[in-house]
Structures are given as C-alpha cells and as structure tokens.
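# Remarks on the overall topology
Now for the letters of each chain:
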Amino acid sequence: MRTLRTIAEVRAALKGARRDGRSIGFVPTMGALHEGHLQLIREARQQHDEIVVSIFVNPTQFDDPGDLAAYPRVEASDAEAAAGAGADLLFAPSAAEMYPDGFASTVHVGGPTDVLEGASRPGHFDGVATVVCKLLNIVGPDIAYFGQKDAQQLAVVRRMVADLNLPVEIEAVPTVRDPDGLALSSRNARLAPADRQRALALSRALRAAECAVADGRVEAGDVLGAARAEFTAAGVEPDYVELVDPTTFASVPAVNGNALLAVAARVGDVRLIDNQPLTSTRSH
Ligand code: PAF
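Report on the accompanying structure. Computed from a predicted structure; not experimentally measured.

## Some words on the overall build of the protein chain
A tally of regular secondary structure across the protein chain gives 11 helices and 9 strands. Taking 2.2 N^0.38 as the reference for a compact globule, 284 residues should give roughly 19 Å; the C-alpha atoms of the protein chain span a radius of gyration of 19 Å, in line with that estimate. Counting only residues that meet the buried cut, the protein chain has 52% of its 284 residues in that class. Across the protein chain, the fraction of contacts at a sequence separation of at least 24, relative to all contacts at a separation of at least 6, is 72%. Carbon and sulfur atoms provide 50% of the accessible area of the protein chain, an area that totals close to 12,700 Å². Here the protein chain contributes 27 positive and 37 negative side-chain charges, whose respective centroids are spaced 2 Å apart.

## Describing the site of the ligand
Around the ligand, the structure places Pro28, Thr29, Met30, Asn58, Gln61, Val131, Val132, Phe146 and Gln153. Glutamine 153 places a side-chain nitrogen or oxygen 2.6 Å from an oxygen atom of the ligand. Those elements that place two or more of their residues in the shell around the ligand are β2 (24-29) and α7 (124-139). Of the residues belonging to the shell around the ligand, the class tally is 5 nonpolar, 4 polar and no charged.

## Thoughts on the sheet that holds strand β5 (residues 143-147)
With respect to topology, 6 strands assemble into an open sheet ordered β1-β4-β3-β2-β5-β6, the strand pairing being parallel. Whereas interior strands pair on both sides, the edge strands pair on one side only; in this sheet they are β1 (2-4) and β6 (169-173). Going across the sheet, the axis of each strand differs from the next one's by a mean of 25°, ignoring polarity. In this structure, β5 lies alongside β6, joined through 5 bridges in parallel fashion. Bridging from a neighbouring strand, isoleucine 143 pairs with glutamate 169 of β6. Relative to β6, helix α8 (residues 151-163) is tilted by about 170°, and along the sheet it contacts β5 and β6.

## A few points about the pattern of salt bridges
As enumerated under the stated definition, the model contains 17 salt bridges in all. The salt bridge partner of aspartate 274 is arginine 177, with a shortest N-O separation of 2.9 Å. Here aspartate 274, found in strand β9 (residues 270-280), pairs with arginine 177, found in the loop between β6 and α9 (193-198); they are 97 residues apart in sequence, far enough to count as distant. Judged by relative accessible area, which is 4%, aspartate 274 ranks as buried. With relative accessibility at 25%, the residue arginine 177 sits in the partly exposed group. Where salt bridges share partners, they join Asp63, Glu117, Arg121, Asp239 and Arg271 into one cluster.

## Observations concerning the environment of threonine 106
Residue position: threonine 106 is located in the loop between α5 (95-98) and α6 (117-120). In this structure the C-alpha to C-alpha distance between threonine 106 and glycine 127, which are 21 residues apart in sequence, comes to 7.5 Å. Apart from the residues within four sequence positions on either side, threonine 106 is in contact with Asp126 and Thr130.

## As for the sheet that holds strand β7 (residues 238-244)
Across the sheet, 3 strands lie side by side as β7-β8-β9; this open sheet has antiparallel pairing. The strands lining the two open edges of the sheet, one partner per strand, are β7 and β9. Within this sheet the neighbouring strands show an average axis-to-axis angle of 10°, counted without direction. Here β7 runs beside strand β8 (residues 257-267); their pairing, made up of 6 bridges, is antiparallel.

What counts and how
Here the residue index of a chain counts from 1 through its sequence in written order. Totals for whole chains, interfaces and linings use all residues, but because this is a predicted model, local features are given only for residues with pLDDT of at least 70 and pairs of side-chain atoms are given and counted only at 80 or more. Working from all heavy atoms in the structure, the side-chain values ignore hydrogens and water. Runs of E in the DSSP output that reach at least two residues are strands. Runs of H or I that reach at least four are helices, and both are numbered from the N terminus. For the radius of gyration, the atoms used are the C-alpha atoms, and the globule rule reads 2.2 Å times the number of residues raised to 0.38. Relative accessibility under 20% of the residue-type maximum defines a buried residue, over 50% an exposed one, and the middle range a partly exposed one, all with a 1.4 Å probe and only protein chains included. Whether two residues are in contact is decided by their heavy atoms: any pair within 4.5 Å suffices. Each accessible area value is a Shrake-Rupley result obtained with a 1.4 Å probe; residue values ignore everything except the protein chains displayed when judging cover. Here Asp and Glu are counted as negative and Lys and Arg as positive; His is not counted, and neither are the chain ends. Charge placement uses NZ in Lys and CZ in Arg. For Asp and Glu, CG and CD serve respectively. Near residues are defined by distance, with any heavy atom within 4 Å of the molecule or strand qualifying the residue. Any pair of N or O atoms that falls within 3.5 Å is considered a polar contact. Within protein, one atom must be able to donate a hydrogen and the other to accept it, and sequence-neighbouring residues count only if both atoms are side-chain atoms. Under the convention adopted here, Pro, Cys and the residues Ala, Val, Leu, Ile, Met, Phe, Trp and Tyr are nonpolar, Asp, Glu, Lys and Arg are charged, and Gly plus all remaining residues are polar. At least two DSSP bridges between two strands are required for those strands to pair. Angles here are taken between N-to-C directions and fall from 0 to 180 degrees, while the axes themselves are lines fitted to C-alpha atoms, restricted in helices to the stretch in contact. When a carboxyl oxygen of Asp or Glu is within 4 Å of a side-chain nitrogen of Lys or Arg, the pair counts as a salt bridge.

Put into structure tokens, the structure is as follows:
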C-alpha cells in the first residue's frame, strides 16, 4: 500500500486504473480505524480492483474545537490496519492541501441536515458534505462505502450525490458492535470504565425498540417509550430518541414499512450516537 499526500498524486496514481477500466472502491475515514472501518475496506476489497482509503481529520465538520483537538491521530497503526484489510492507496492529505488559502466554498445539503445531529451540531453536515464532495471528486470511485452507524451522514451523502448528479454509488455497511452491543466508534476509547457500562443504554434502547416492533407495538409512542425506558434504567439522559424516515429524517408516527430509530446521548465527556433500522409490514 502506498501513502499519498497530494491530490495530484492521487489523480496520477489512479489514471492507469481508470484508463484500463479497473474499478475503484473508496472508503473515506478520519482515521483511528477500528473493526467497523476495516469492515468497510474488506467489503470494498471484495468488489473492486483498486481500493483507496482516505484519512483526514476534517476540521470543518467539528463544531467543538476541544473535540477536534482530542480526536485521535494514529496514522502509522492506521496505515498498517488499512493495508491488512486490503487497501492499495492511502490518501492522507494535510489541511492545507484540502483547504488551501482562499478556499471559500461550502456544500450545503438541506432536508436531512435540519434535525437531530444537524440541530445539535450546527455546521457539522456542511463540513461533512463539503469534504465528501471534494474527496469523491479527487478519487472518482465507482462505489464509496459508509457505515450505517452514521445513518444521518449516510442520508446526507446520498441526498448530495443524487442532487449534484455525482457519478458514484453509495453503499452502506452494517454497524459493527462489541459483543455487549456497544457500536464501535473511535470515541469509545475515551469512555471511562463506569461510563463504558452506562453507554450500553444506547444499544439496549435499540434492542427494546426492535422487540416492541416485533411484538406488533409499532406506534411511535410505544417504540419510543420502550427505548426511553432503557435510558432511564441506566441513568443516562438522551440528547434525542427519535423515530424517523431513513431517507428524509423527518419524524414518522409509526413503523409502517421502513423507519429508523436514532438515539444520541452524552455519557461522561463523550457524545455517542447509534441507530436501528426497523421494519414492519403491518398496515394501518
Ligand atoms: O464518517 C467519517 O469518518 C467522516 O464524517 C467522513 C465521512 C470521513 C468525512 O470526514
């Protein structure tokens, strides 16, 4: 695996692949790679000839400077892990390469950015959309891979790709969890041991909602009530527990077809998010 620092190097490295009709799979990341990221890379490896992974801690998507400063930067071990999972090229640019002096453009996606993470973290999705749009233009992949864990980010990226006619397919890869249910996240390493246990409130809330739907209790009141009870039991105050449409992120009154339960909570100093796709075929 080769590590590239500049946009020109990436374009040069992929020119031959593109000319020869070799397919390109792309996994954008901010580094601190865990099993969830490696799953994205392995999925891409199975489907493409050239696998590009990017590591860029994107400053424009952080609304809290402390969070940006605390974000783990471990490029050497990330490079080893990415190569082990099957990456061919690692793009690890500087902030100046991505945002040179005079940079003045922002990609703003409406719709799914207005609520939940968008409401809690003003500007966050503008930063995500802008950097993902740039990365897709730089790499020019056939398919880009995103984790289901960041379901709202996934919806925003899909909306942007459709609205701007970007020639790429977006593939979602299921959330990877620890055996006790906690969704893998680079932030988990910052949880104190007691908070690690309390953090299970999020995944337990999702399981409780799933059980409610399986029992035929599909109204939002029932699903949300079951989920909120798990937060109360763990003594964790959620930022939000919402039943939404997985594409628009608008609230829905019941699980009728496909819906998504999205949860977020601050546990100790760490803000965690999780979600569960829910399906019911019961008609109303
Ligand atoms: O999900 C992430 O790690 C980031 O938001 C992404 C998609 C790499 C953009 O910086």
